[in-house]
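The primary structure of each chain is shown beneath.
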Amino acid sequence: QVQLVESGGGYVQAGGSLSLSCAASGRTFSTYGMGWFRQAPGKERVFVAVISRDGSNTYYASSVKGRFTISRDNAKNTVYLQMNSLKPEDTAVYYCAAGRSSVWLPVLSRDYDYWGQGTQVTVSS
């Protein structure tokens, strides 16, 4: 069992930055691929970014590539999402997720086993 707790959400003006953190419980953090997803009001949850178990590979949704950076610290059982040049369309609840599927960089929700409770990010225009 893995418990994930996100933090760092908040309110920011367009063009600003926010940094999200996701702390994981347990001793097996380094065996999980870690992803970030987001869900805007009235919309489905969508993939944002993923980082491989050892942190050597990352992949981003086209809508955030070049603006967001995912990273992890396996010694601290934490994954991060640095969000720069934020836009109003980035407004959503952001979730971190942990998965041990055979896919090295999973982008589908079904490839993840554990989810955090989410943190709200609001970007004003």
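Residues numbered from 1 in each chain as written. Predicted model: local features only at pLDDT ≥ 70, side-chain atom pairs only at ≥ 80, totals over all residues. Heavy atoms only, no water.

## Description of the state of the cysteines
Part 1 of the reasoning: Under the defined criterion, the tally for this structure stands at one disulfide.
Part 2 of the reasoning: The partner cysteine of Cys22 in its disulfide is Cys96, sulfur to sulfur 1.9 Å. Across the disulfide from Cys22 to Cys96, rotation about the S-S bond amounts to roughly 45°, and the bridge is consequently right-handed. On the criterion of sequence distance, the pair formed by Cys22 in strand β3 (residues 18-24) and Cys96 in strand β9 (residues 92-99) is long-range, its members being 74 residues apart. Here Cys22 and Cys96 have matching classes, each one buried. (Disulfide = S-S within 2.5 Å. Helix = DSSP H or I, 4+ residues; strand = E, 2+ residues; numbered from the N terminus. Buried < 20%, exposed > 50% of the residue type's maximum accessible area, 1.4 Å probe, protein only.)

## Digging into unusual backbone geometry
Part 1 of the reasoning: We note that Asn77 has phi near 55°; this positive angle belongs to a residue other than glycine.
Part 2 of the reasoning: Tracing the backbone shows Asn77 in the loop between β7 (68-73) and β8 (78-83).
Part 3 of the reasoning: If you check the backbone angles, Ser85 has positive phi at about 50° while not being a glycine.
Part 4 of the reasoning: Judged by its relative accessible area of 41%, Ser85 falls in the partly exposed class.

## Quick notes on the environment of Thr91
Part 1 of the reasoning: In this fold, Thr91 is placed in the loop between β8 and β9.
Part 2 of the reasoning: Taking the C-alpha atoms as reference points, Thr91 and Arg53, separated by 38 residues in sequence, lie 28 Å from one another.
Part 3 of the reasoning: One polar contact links the side chain of Thr91 to the main-chain carbonyl oxygen of Pro88, over a distance of 2.9 Å. (Polar contact = N/O pair within 3.5 Å; in protein donor to acceptor, adjacent residues only side chain to side chain.)

## Notes on the sheet that holds β8
Part 1 of the reasoning: Taken in spatial order, the four strands make up an open sheet running β1-β3-β8-β7, and their pairing is antiparallel. Both edges of this open sheet fall to β1 (4-7) and β7, since each of them pairs with a single strand only. Sheet twist, expressed as the mean angle between neighbouring strand axes with direction ignored, is 15°.
Part 2 of the reasoning: As paired elements, β3 and β8 share six bridges and run antiparallel to each other. Across the sheet, Leu20 pairs through a bridge with Leu81, a residue of β8. (Pairing = 2+ DSSP bridges. Axes fitted to C-alpha atoms, helices over the stretch in contact; angles between N-to-C directions.)

## Some thoughts on the pattern of salt bridges
Part 1 of the reasoning: Counting across every chain of the model gives two salt bridges.
Part 2 of the reasoning: Note that Arg38 is salt-bridged to Asp90, the shortest N-O span being 2.8 Å. Placement of Arg38 in strand β4 (residues 33-39) and of Asp90 in the loop between β8 and β9 is noted, with a sequence separation of 52 residues between them.
Part 3 of the reasoning: Judged by its relative accessible area of 11%, Arg38 is buried.
Part 4 of the reasoning: Taking relative accessible area as the criterion, Asp90 reaches 0% and is therefore assigned buried.
Part 5 of the reasoning: Measuring nitrogen to oxygen at the nearest pair gives 2.8 Å for the salt bridge that ties Asp90 to Arg67. In this pair, Asp90 is assigned in the loop between β8 and β9 and Arg67 in the loop between β6 (58-60) and β7, connecting sequence segments 23 residues apart.
Part 6 of the reasoning: For Arg67, a relative accessible area of 11% translates into the label buried. (Salt bridge = Lys/Arg side-chain N within 4 Å of Asp/Glu carboxyl O.)

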